[in-house]
Amino acid sequence: MNYNGAFEAAVRRVKAEGRYRVFANLMRRKGEFPVARWRTEEGDVRDVTVWCSNDYLGMGQVPCVVESMKSAIDEVGSGAGGTRNISGTTHYHVELERSLADLHGKSSALLFTSGYIANEATLATLGKILPNLIIFSDELNHASMIEGVKGARCEKHVWRHNDVEHLEELLKAAPIDAPKVIAFESVYSMDGDIGPIEAVCDLAEKYNALTYLDEVHAVGLYGLRGAGIAERDGLMHRIDIIEGTLGKAFGVMGGYIAADGAIVDAIRSMASGFIFTTAIPPALAAGARASVEYLKAAHHLRESHQERAATLKQRLADAGYPVMPSETHIVPIKVGDPVLCKRISDRLLDEHGIYVQPINYPTVPRGTERLRFTPTPLHTDAMFDQLVAALDEVWEDAAVADGGIARA
Ligand SMILES: *Cc1c(COP(=O)(O)O)cnc(C)c1O
């Protein structure tokens, strides 16, 4: 076996499909977000405006977050030093879990090293705990949920995206007494649409299923205290397990679930991905707690975030760009071709200091390649002007060169 050849061939295939990923080497500047320093391949350093961060509110640079992290390090040092069971549970972890349980109106919460692991570990463990479980999973669920469902090693049914009639057909066809979990998301982050939470809860009641909701792209951003779409729509109490991240709107890192005490205790006791890994550093827990608490009381930031997203959608639509329908803060414009998408993105960065990475397969289906903008409250009108002017220069050229996409 020529191992090297196999790896090289794998990369060649990815390249041929136009989905080879090159990571931009960026340094954020605290206090100046969304401006960052970009280091080119040649080693030059240039200022760029970041348009695709999931630090949706710029919490990663807010003084109370940064200072809590620093003072935690000064107090207890860098790492947690062990798994949660082996001396890795600090008072910071305990307080953060309390703060998250309170945020979601649940009796308990459980931290994981990331949102990815929270999904994967929790869903897989539900399969171990509930005999003959059947999981009903939305077809556009995040990769981490898909892996969790696989790990559950139980029967699964994939329902067409946001299609509650299809979900009901599948529920109806399943044995009435089998335990069931319906797994879905609130904000789908590539299209910016929202899951039908109330209708899913109604079906869950009717068919006696548990509900599992990924609110990763909504926590911090929706609801009066930033608990997500379920809070905004008055449905939080009807969701059995809410999953979130501390890495996106909260601007730090880590993942969690919030649920009833019995559920959390069982997952805590049985989830391999929770038990056998070092706890997040105390400084992360301290920073995340500061961020969660800050955002509970910072509704003005959420309002400003929504205003910025709505304004950008309007500006891009007015300029004739194919803005994809989005009910949320996500502003995707469709390019529809991976090579073109990458070319536009490269030129925006090279020539205009605008960083928005191309979103290609497998993150989104082929033919729906797009640029995905995530304006924050810190993106100014002047930055909007600059973006639209840059797109005006790059878009036609790139499209004409490819015989592709014209503006409306
Ligand atoms: C990013 C993401 C996750 C994973 O969260 P991390 O904390 O980044 O690991 C889970 N679900 C969805 C929908 C996501 O977009």
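Residues numbered from 1 in each chain as written. Predicted model: local features only at pLDDT ≥ 70, side-chain atom pairs only at ≥ 80, totals over all residues. Heavy atoms only, no water.

Caption draft 1: Spotlight on the site of the ligand. If you check the shell around the ligand, you find 13 residues, and the closest are Gly-115, Asp-214, His-217, Thr-245 and Lys-248. One of the side-chain N or O atoms of Thr-245 is found 2.6 Å from an oxygen atom in the ligand. Within the side chain of Lys-248, an N or O atom sits 2.8 Å from an oxygen atom of the ligand. A total of 380 Å² of accessible area belongs to the ligand in isolation, and the protein chains cover 84% of it. When residues of the shell around the ligand are assigned to their parent elements, the largest contribution, three residues, is made by helix H5 (residues 115-129). (Near = heavy atom within 4 Å. Polar contact = N/O pair within 3.5 Å; in protein donor to acceptor, adjacent residues only side chain to side chain. Areas by Shrake-Rupley, 256 points an atom, 1.4 Å probe, with all protein chains shown as cover. Helix = DSSP H or I, 4+ residues; strand = E, 2+ residues; numbered from the N terminus.)

Caption draft 2: Local environment of the side chain of Thr-245. Assignment of secondary structure puts Thr-245 in strand S11 (residues 241-245). The exposure class assigned to Thr-245 is buried, which follows from its relative accessible area of 7%. Reaching out from Thr-245, the side chain makes a polar contact with the backbone nitrogen of Gly-247 at a distance of 3.0 Å. A distance of 3.2 Å separates a polar side-chain atom of Thr-245 from the backbone oxygen of Gly-254. Apart from residues lying up to four places away in sequence, Thr-245 is in contact with Gly-115, Val-216, Val-219, Phe-250, Gly-254, Gly-255 and Tyr-256. (Buried < 20%, exposed > 50% of the residue type's maximum accessible area, 1.4 Å probe, protein only. Contact = heavy atoms within 4.5 Å.)

Caption draft 3: Main features of helix H12 (residues 282-296). For H12, spanning 15 residues, the distance from its first C-alpha to its last is 21 Å, which sits close to the expected 21 Å at 1.5 Å a residue. Of all the positions in H12, only Pro-282, Ala-283, Leu-284, Ala-285, Ala-286, Gly-287, Ala-288, Ala-290, Ser-291, Val-292, Leu-295 and Lys-296 are classed as buried. Looking at the buried residues of H12, the elements they touch are helix H2 (63-76), helix H4 (91-104) and helix H13 (299-318). (Expected span 1.5 Å × (residues − 1).)

Caption draft 4: Layout of the nonpolar core. Formed by 62 residues in total, the largest nonpolar core has its most connected members in Leu-100, Phe-136, Ile-182, Phe-184 and Leu-246. Top contributing element to this core by residue count: H12, with seven residues. (Core = buried A, V, L, I, M, F, W, Y, C linked by side-chain atoms within 4.5 Å.)

Caption draft 5: Here's a closer look at the packing of H5 against helix H6 (residues 143-152). With their axes 7 Å apart at the nearest point, H5 and H6 run at an angle of 25° to one another. In terms of their interaxial angle, H5 and H6 are classed as roughly parallel. Our pair here, H5 against H6, has a crossing hand that is right-handed. Judged by residue contacts, Tyr-116, Asn-119, Glu-120, Leu-123, Ala-124 and Gly-127 of H5 engage Ala-143, Ser-144, Met-145, Glu-147, Gly-148, Val-149, Gly-151 and Ala-152 from H6. Among the residues forming the contact of H5 with H6, the class breakdown is seven nonpolar, five polar and two charged. (Axes fitted to C-alpha atoms, helices over the stretch in contact; angles between N-to-C directions. Parallel < 35°, antiparallel > 145°, perpendicular 65-115°, else oblique. Left-handed = near helix turned anticlockwise from the far one by under 90°. Nonpolar A, V, L, I, M, F, W, Y, C, P; charged D, E, K, R; others polar.)

Caption draft 6: Summary view of the sheet that holds strand S16 (residues 370-373). If you trace the three strands from one edge of the open sheet to the other, you get S13-S16-S15, paired in antiparallel fashion. Strand pairing shows two members of the sheet lacking a second neighbour, strand S13 (331-334) and strand S15 (358-359), which therefore form its edges. Where S15 meets S16, two bridges bridge the pair, whose relative direction is antiparallel. Looking at the pairing, Ile-359 lines up with Arg-370 of S16. Together, S15 and S16 form the strand contacts of helix H14 (residues 338-352), whose direction differs from that of S16 by roughly 45°. (Pairing = 2+ DSSP bridges.)

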